[in-house]
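Chains, contacts and geometry: an overview
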Amino acid sequence: MNSKDKTTPLTTKKLYQLHPEMENILIVAMVLGKTEPNIFLSRNDTQHKGVMTFTLRDTPQHIVNCKYWGTREKVEQLNEHIQMGDIVDIVCPKISMLSQKAEALESKQAQYQPVSSLPITLVVNEGQGLIEKHSYHDLDKYTEIRLLSHQSHKPLYSVMNLADVQATFSDSKAQAFHTDFLVVVGLVRRPREINASKEGRQRRCLEIVVFDQSLTSGMTFTIWHSDWINRAEASWQPMKTVLHLIDVKVSYSNFYKGCILSFTSKSIIYENPVGTETQHLKTFAATLPNTPFDMAVQANNTDALPKAEDIRTVMTVRQIYARAEGHLRDTSEQFTAKVYAMVTHFDIDWPEHVLSKKCPAGLIRDHWSLSSPDGLSRNECKSCNRYIAARKDLCDNDQCQLAFSFAYSGDKYDYFFNINLQLTDHTGTLVEARLTDTTAMQILSFNCDQYLKLNQQELEQLKWRFLLNHVEAKLLIKKSNMLRRKMLALIIDLKPIELEQLTENIAVF
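Residues numbered from 1 in each chain as written. Predicted model: local features only at pLDDT ≥ 70, side-chain atom pairs only at ≥ 80, totals over all residues. Heavy atoms only, no water.

**Structural notes on the nonpolar core**
Quick reminder of the rule: We call a set of buried Ala, Val, Leu, Ile, Met, Phe, Trp, Tyr and Cys residues a nonpolar core when their side-chain atoms join them within 4.5 Å. The classification of residues rests on relative accessible area computed with a 1.4 Å probe and restricted to protein chains. Under 20% of the type maximum is buried, over 50% is exposed, and intermediate values are partly exposed. Each helix is a run of DSSP H or I of at least 4 residues and each strand a run of E of at least 2, with the numbering of both proceeding from the N terminus. By definition, residues are in contact when any of their heavy atoms lie within 4.5 Å.
Counting residues in each nonpolar core, the largest one holds 37 residues, and the members touching the most others are Ile-320, Phe-346, Leu-421, Leu-423, Leu-430, Leu-444 and Leu-475. With 6 residues, the single largest contributor to this core is strand β17 (residues 334-346). Not counting residues up to four positions away in its chain, the partners in contact with Leu-444 are Phe-346, Ile-348, Phe-417, Ile-419, Leu-462, Arg-465 and Phe-466. Core analysis: the next-biggest nonpolar cluster, separate from the first, contains 26 residues, Val-210, Met-219, Ile-223 and Leu-243 among them.

Structural data, given as structure tokens:
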């Protein structure tokens, strides 16, 4: 702090009261958001410096951006110490009014920070000002500020529908833009580790499936910001948490082959914002039947599967891939096929690759990922058919938790089948085939309890009943989409055939 600051008392001001002539100002505000630190090598002293932006709010109407410049150590310490939602003191900031020239510069930088509601910007330089947490002894005076975390500064009704933007982004030629949405969290996936070539390090990317009343099938929302990833993993509840997304990026993704939402440096998120629109959306989410985001539920729902006798179209492996992923692709989400092939992969002798867990009381289900043969486990509530985050032991559903609280003493899980098969014909190998649940029991002729009693020799015999034998497989092919990045081939029926029958039904393509 400079000498002038030491002799002049601080004056507390609201954000809307600020103008550039003011000095020795103290602002008490809530941190609505923050960017990740940008570390760079200073040209003057060859030392690493850093800068980051805090978005501040102290009234229901106004937000302002405040840049902090300092040493690398100080910026990283500040980033670690101050979290979103904290109430902080901004001491002796430099206040700049956005002139016409500054507004032009601000316009160019708009993609890097949230849009301010006031024509000012704040800058705090290390050694000349401070940003620090407000003393907890004085927080009762700032109850109004503490409530702002769930009060959006923009009206909840001024949002776009997901269905409208999805229709706009039917191909990669559509121009990306930023806009607002009011959505419900449908599914929180596990973060993926991505190699960031520009930064030379791995970064985490979190994929959220969100939906609204116009698009119950959901849309992918990607987050790369570490603080928001941690927040989502810790507190966002599928089918319960409502998000007011402000200035999120809408674009076409070649990776997802469709329209996606992305959190950027200019985006703001309000969790469960106060308003009738939020309550209406929560009520709507609660009335939905089994959530469409749980692929395991769909795969194991025998009522939704086609009958084996209705599957008559003979296809080769190459034709299946061509229709599902290649040049013969159509607009349908799924199709059926009858394949004559050889079983070339069948992990029936590895129980950890065969069985998944479900709750006998109809409460909690752990299952192996249906699209991943590597045995990664996930959690799902069987009573409400919703996923449970891997870090939790119980479903977030209040009724499910209540059932376990009443002296529940039974086993906490049963098993169900979820087996990966690979089918090979003269055109290629289908690696995504799955034999699941009741269909598996019918084909194997025993249930999970009986399977667990088999010794190693019996498991080997079971394996060679199918492996390297020719079969007629009837399949339901579910194409990849925004929620399921890999296609899924569910086995509806599987029976051995003789070589003569195979040659009679062989196709060229």
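**Considering helix α6 (residues 226-235)**
Within α6, the full set of buried residues consists of Asp-227, Trp-228, Ile-229 and Ala-232. Packing partners of the buried residues in α6 comprise β2 (25-34), α2 (72-81), β12 (201-212), β13 (215-223) and β16 (268-271).

**A word on the side chain of Glu-207**
The condition is simple: Pairs of N or O atoms within 3.5 Å make up the polar contacts considered here, provided that, within protein, one atom can donate a hydrogen while the other can accept it, and that residues adjacent in sequence are counted only when both atoms are side-chain atoms.
Structurally, Glu-207 is set in strand β12. Classification of Glu-207 by relative accessible area gives buried; the value is 1%. At a separation of 3.2 Å, a polar atom in the side chain of Glu-207 contacts the side chain of Arg-192. Other than its neighbours up to four places away in sequence, Glu-207 contacts Leu-187, Val-188, Arg-189, Arg-192, Thr-220, Phe-221, Thr-222, Tyr-256 and Arg-485.

**Remarks on the packing of aromatic side chains**
To keep it simple, the criterion reads: Ring pairs shown here join Phe, Tyr and Trp side chains whose ring centres sit within 6.5 Å, with only the six-membered ring taken for Trp; geometry is labelled stacked below 30 degrees between planes, edge-to-face above 60, and tilted in between.
Counting across every chain of the model gives 6 aromatic pairs. Their ring planes at 20° and their centres at 6.4 Å tell us that Phe-446 and Tyr-451 sit as a pair that is stacked. The exposure classification of Phe-446 matches that of Tyr-451, with both residues buried. Aromatic ring contacts, followed pair by pair, group Trp-228, Trp-236 and Phe-263 into a single cluster.

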